[in-house]
Every structure is written in structure tokens, then in C-alpha cells.
Amino acid sequence: MSKHKSIVDPHKIIKDRKDREEKVNLVKAALLDAFFVFYSIVVVQRAVYYKFWLELRELPFSWSEIGAFAILSLAAGALWASSRTSISARLFSIHKDNRITKYSVEIFGWFLFNITFIAGWMITRVSLVDLFTKEGIEGANRIFGSLLSPELGIFDEALFAIIETVYIALVATIVSIPLTLALSFLTARNLMKDNKVQAVVYYFFRVILNFIRSIEPLIWAIVFSVWVGIGPYAGMIALLVHTIASNAKLYSEAIESIEEGPVEAITATGANKFQVIWYAVVPQIVLPFLSFTIYRWDINVRMATIIGLVGGGGIGTMLMQYQGLAKWNEVGLIVIMIAVVVWIMDYVSAKIREAIY
Amino acid sequence: MSLLKIEDLHKIYPNGTHALKGVSLSVEEGEFLVIIGLSGSGKSTLLRSINRLIEPTSGTIEFMGKNITHVHGRELRELKTKIGMVFQQFNLIKRRSVLANVITGKLGSLGTLQSILERFPDSVIEEAKKNLEIVGIPEKADLRADSLSGGQQQRVAIARSLMQNPKLLLADEPVASLDPATSNSVMQYFEKVNKEFGTTVICNLHFLSLVRRYATRVIALKQGEVIYEGQPEEIDEAWFKKIYGEEAEEVEIR
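An account of the accompanying structure is given in this report. Because the structure is predicted, anything quoted here is derived from the model rather than measured.

## Side note on the interface of chain B and chain A
- Counting from both sides, the interface comprises 44 residues of chain B and, opposite them, 29 residues of chain A.
- Together, the buried faces of chain B and chain A total about 3,200 Å²; carbon and sulfur atoms form 58% of this surface.
- At the surface where chain B touches chain A, the tally comes to 2 salt bridges.
- A salt bridge links A:Glu259 to B:Lys94, with the shortest nitrogen-to-oxygen separation between them at 2.5 Å.
- The tally of links between chain B and chain A comes to 11 residue pairs in polar contact (both at pLDDT 80 or more).
- Contributing elements (two or more residues each) for the side of chain B that touches chain A: strand E1 (4–12), strand E4 (58–63), strand E5 (66–67), helix H2 (73–82), strand E6 (83–86) and helix H4 (112–116) of chain B.
- Per element, the largest residue contribution to the side of chain B that touches chain A is 4 residues, and it comes from E4(B).
- Of the residues contributing to the side of chain B that touches chain A, the split by class is 13 nonpolar, 20 polar and 11 charged.

Written out as C-alpha cells, the structure reads:
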């Protein structure tokens, strides 16, 4: 019988792995430090110096200046990280455990936090004066007054519109289930780690789903109202797309957090992948899946009201029309009806989810 | 010819832990081999290398005369059907019935569609019931698995592994989460499987009193190396301290 003696030296494997890890971490730390330095220079120059100190209205900007900062930062980052006393060296655990590291982490960390807050304050143009202008307060009074005396004449119309909204959400949720299921298995790390093909599939779908999810349903509704025409159908597809992307993530996280024991046990009997999933994974995820789905219906009702604003049908479209005509009493009724329905949905979905567990 | 022959087996985990450092051993058919050693000594890793739940880094494993160190795909699944395994945490499917759990032991020889639709041949169901009788709990067949006590759940796990008609039964600290009395009764079922069906058993254990009672041979691991091999009754005070450390003291369980 042919035996292949192994020529692998385990000790060498361990040493090589450590060396490689150390090098990679050093490069990562250098890049991150470079970013921190770059960020500090830019924020201090623009927010603190130009805006706060010189009180300029128009900030000067030039790419060559930014480029010079970047090169300077890269050099500083590389130096700082290789001294092993930087904040990033600490983050990647390759730091020297001494006083210099401690101070540099504390002082620089505090510095970063403060300049970020100052920049944020500048960018959002916080102003207490604007909150208390005479015209502003009068306008607010007018709107709140009208909202609190709703126009009941359009009750029937609003009722039909809100029923449409609830159904848009319901259909989007139901249709999403089978697609979400399939995608969640393909994007669960613990099921897709056996070989390279699986890894490629995993990353492919992860990237696509992340992309879809990062675009809000409101924007999807704009896209689909152009594609299939304004109305409830566009709203439904917009919700559907976003529901699939977000629930696939929740579902796959549920799959990733299952107990590994049964998976190991069923695998050990010689079962194939489908059998392992059916017997060891599925029973553990049925309840969380149901719970997520019901919760999502509730979220979708809320979103469906917003989606109407851009032509996704339902109560939102109606709200948009009356708001455009500045009929605040009608808007008042619609807002109250939305609040009531959302509250009911919230309550019902919470009760159902409680009952499941 | 030995049933199982392991030579110079190494396992290095991705985090750099060197769990097995050149383990060599062979197991004859019909043996009840017990592996002892502290937590982290590599017992579980060794067991999981045998049915290839984990991939060894280097070395060779021969099972029934065949090099199985690097088999994969269908061949690997076929290998696994011949080796039963019982775990410390039982690893049953909690929400399913006891009978369904036992039947899962047969999945390796059932078709995918058939098993997903759960249409099992009557012969398989009969076999499952028979195996539940062997472990003494036929009346629990329709109960949910997690409604059973720990000892009973472990017996279900044994019945599940019997569905495979295994040549070799691996048990990874099967009684470590059970109380002493239950431990002994569960161990008796392993003994029964070993004596009545001639199934070779490799079992990780902690308690020396159980080792002396059930093992036909003992191997001790320390930091990934075999430091003792011999008869259970030969483990004296000196060996005990060598295996478990100077501060260890033997506790009796009966």
C-alpha cells in the first residue's frame, strides 16, 4: 500500500503564519495611522483654522494641497506605526506596552474626538437663533393648529388609501419570503465555507445585497415608479426589493448563530449538505425567521406610508397631494390615521411575535 | 490488520494552536479504547480527526486498511457513515421527536429528496424503534427530544449512532455533562454496544474510576502528545500525577 509521508513541518507552519500576520498588521496599522493623521490635518485646517479662526465663508480648496497632505500623512503613519506606539498599533495589538503608547493613544484619541465634534457642529450649522425667529414660530403654530383640527370630510378617501398601504406592505412581505430564504442560505458564512466556489457565491450575493440594502426604499420607489409607472405596484416592488435585502441579512445572521452541535452531529452521520441543512439548521431557524418576517410587515406598513410621497401609491400619495395644496387640516387627518394604523400594526406584530416564542 | 492506524498526526488550528503534535496509535477491532487527559490536551481534536470532522495538518490516518487522511466528497461521506459519534452535549435536534432524531443516523444512506420529504422506508422506522429498545427507552419515541433528561438524551444519541451500524464508535466525553449515577448507566450502553455487537469504541473520559471499569486499553494525551499507553489498572499514583499534573488528586465516582 502506498503511503505518502508528510513533508510538512508543523513548527514552520506556525512560525510562518505568525510572521505573516505580524507583517500584515503592521501595514494595516501604518495605513490607519496615515488616515488618522490625514484626517486631523484636514479637519484642523478647514474647520478649525479657516472656518472658526479666520471665519471664512468660502473655503479655499485645491487637490495639490490635499495630495501633499496625503503624502505627508503616509510618511507620518508609516513612521508612527513602525515605532509601535501609535493608536493603530494598539488597535491591531502590535504595540509596545509602555507609557508612550498609553499617552499617545489617550491624547490622540481625545484630540480626534474633539476635532470631529467641532467639524460636525460647523457642518450642521447649528443655530439657536433660527429655532426662535418670530416668523418661524408663527408658521409652526399655524401647522400644529390645523393638524389638531383634522378635516373629517376626506375620511372615506383616506380610509381606502390606507387600506391600500397596508396591502402594499403585506404583498411585499409575503412575496419576499421564498426569495429571502434562498438568499439567506447562500449568504450564511457557516454554510458557505467548504470550498472556493461557495466562497465566491457567498461574496457575490453579500455584495449585491449590501448594495441593495444601502439604498433606501424611498429611492427604490423613485426608480420603480419610472420603470412600472406611478402607483401601488411601484411601491410594492420597492418595498419587496429592500425587504429581501434586509431580511436576507437578518436570516443569514440567525443561521450563523445557530448551535453548531447538531450540525456537527448530523454531518458526522455521513449526511450530505442538503440533509444537514434540513435536519440541523432549519429546525433552529424557523422561529426567528417567522418573527423577523412579521416584524418586517410592521416596518413595511410604516415605510409604505413614506413611499407614497414619491409615487408609490397608498396614503402617502394622498398626503403628498394635500400637502402640496397646503391643506393642513386634511393633512392633519391623514397623519392621525397613519399614526393609528402604525400603532395597531406595531401592537399586533409584537403580540404575534410574543405568542410564537 | 488494525482497524485504525494513526501515524505522526499533527493538527494546527488557524489561530495557531498546535493541538496534536505527532500522535501515533493503532486500534484493533473490538477494543474499548479510552483516551484520557486534561481539557485542551487534544482528545477532542484527535477524535474529530478520525471521522474527519476536522482536517489534520499532517500525518496519516488509515481506517480499515485505507488511507483516509485526505478523502473528500462522496468518499468522505461514505467514511462517516461507517463511524458513529456521540458528543458531550448530545447534539440532538431539540424540536424534533426522539424517533426522528434516531432516524437521522441513517441519512447517509438515504436519498436527498426522500429525506427532505421525510418519507422513510418502514424498514428504517423499524430499525430506529429497535435501536431505541436497545438503549432502553422505546416508550419515548414520540416525545420531543429536549423533553428528555440528559442521560436519556445521550441514549437517544447512542441509538442514532447505532442506525449507522458503525464499525467504530467515537464518544467525545459522553458523560461529562451527566451526574455520576447517570454517567455509569450511560457507559453501560457503550459497553453493551462494544460487547454485544463487537463495535470498536474510542471514548474520551475524565473519571479514572470509569476508565478502570470500562476500558480495555488506555491512552493518555498531554499537550497534544501521547504520554501513556497501557492497561487501565497500570495507571498508578505516579502516572496519574504525570497525566493530570502534580496538584491533581483522584476522585472516586461509582
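## Digging into the packing of helix H9 (residues 217–227) of chain A against helix H12 (residues 273–307) of chain A
All names here are of chain A.
- H12 packs onto H9 with a crossing angle of 50 degrees between their chain directions and a minimal axis gap of 10 Å. As the angle between them shows, H9 and H12 are arranged oblique. In this structure, H9 meets H12 at a crossing whose hand is right-handed. Two secondary-structure elements touch here, H9 through Pro217, Leu218 and Ala221 and H12 through Met303, Ile306 and Ile307.
- Looking at the contact of H9 with H12 residue by residue, the class counts come to 6 nonpolar, no polar and no charged.

## Let's talk about the sheet that holds E5(B)
Residues and elements named next belong to chain B.
- With respect to topology, 4 strands assemble into an open sheet ordered E2-E1-E4-E5, the strand pairing being antiparallel. Looking at strand neighbours, the two that pair on one side only are strand E2 (18–27) and E5, the edges of this open sheet.
- In this structure, E4 lies alongside E5, joined through 2 bridges in antiparallel fashion. If you follow phenylalanine 63 over to E5, its bridge partner there is lysine 66.

## Points about unusual backbone geometry
- Positioned with a positive phi, A:Glu55 is a non-glycine residue whose angle comes to about 55 degrees.
- Phi is positive for B:Asn91, close to 55 degrees, though the residue is something other than glycine.
- Following the sequence through the fold, B:Asn91 ends up in the loop between E6 and helix H3 (98–103).
- The buried category is assigned to B:Asn91, whose relative accessible area is 6%.

## Focus: the packing of aromatic side chains
Residues and elements named next belong to chain A.
- Scanning the model with the defined rule gives 18 aromatic pairs over all chains in all.
- An angle of 85 degrees between the planes, with centres 4.9 Å apart, marks the rings of tyrosine 202 and tyrosine 203 as edge-to-face.
- Overall, tyrosine 202 belongs to the buried group, its relative accessible area being 4%.
- Its relative accessible area of 48% is what places tyrosine 203 among the partly exposed residues.
- Both rings, one in tyrosine 251 and one in phenylalanine 289, keep their centres 3.9 Å apart while their planes meet at 15 degrees; by these two values the pair is stacked. Here the residue tyrosine 251 occupies a position in helix H10 (residues 232–256), and phenylalanine 289 occupies one in helix H12, the gap between them amounting to 38 residues.

## Some points on helix H2 (residues 63–82) of chain A
All names here are of chain A.
- Between its first and last C-alpha atoms H2 spans 28 Å; for 20 residues at 1.5 Å apiece the expected length is 28 Å, and the two agree.
- Every buried residue of H2 is listed here: Ile66, Phe69, Ser73, Gly77 and Ala81. Seen from one end, H2 has its buried residues packed into an arc of 80 degrees, which puts them on one side. Of the exposed residues in H2, those oriented more than 90 degrees away from the buried face are Ser64, Ile71, Leu72 and Leu79.
- Looking at the buried residues of H2, the elements they touch are helix H1 (10–53).
- Arginine 84 lies just past H2 and shows a positive phi near 60 degrees.

## Describing the nonpolar core
- In terms of nonpolar packing, the biggest core is built from 74 residues, with A:Val281, B:Ile36, B:Leu132, B:Ile158, B:Met187 and B:Phe190 touching the most fellow members.
- Looking at this core, the element that brings in the most residues is H12(A), giving 8 residues.
- Other than its neighbours up to four places away in sequence, B:Phe190 contacts B:Phe32, B:Val86, B:Ile158, B:Leu169, B:Ala171, B:Pro174 and B:Val201.

Rules behind the numbers
Residues numbered from 1 in each chain as written. Chains lettered and ligands numbered in written order. Predicted model: local features only at pLDDT ≥ 70, side-chain atom pairs only at ≥ 80, totals over all residues. Heavy atoms only, no water. Contact = heavy atoms within 4.5 Å. Buried area = accessible area lost by both parts, 1.4 Å probe. Salt bridge = Lys/Arg side-chain N within 4 Å of Asp/Glu carboxyl O. Polar contact = N/O pair within 3.5 Å; in protein donor to acceptor, adjacent residues only side chain to side chain. Helix = DSSP H or I, 4+ residues; strand = E, 2+ residues; numbered from the N terminus. Nonpolar A, V, L, I, M, F, W, Y, C, P; charged D, E, K, R; others polar. Axes fitted to C-alpha atoms, helices over the stretch in contact; angles between N-to-C directions. Parallel < 35°, antiparallel > 145°, perpendicular 65-115°, else oblique. Left-handed = near helix turned anticlockwise from the far one by under 90°. Pairing = 2+ DSSP bridges. Buried < 20%, exposed > 50% of the residue type's maximum accessible area, 1.4 Å probe, protein only. Phe/Tyr/Trp six-rings, centres within 6.5 Å; stacked < 30°, edge-to-face > 60°. Expected span 1.5 Å × (residues − 1). Arc of directions from axis to C-beta. Core = buried A, V, L, I, M, F, W, Y, C linked by side-chain atoms within 4.5 Å.

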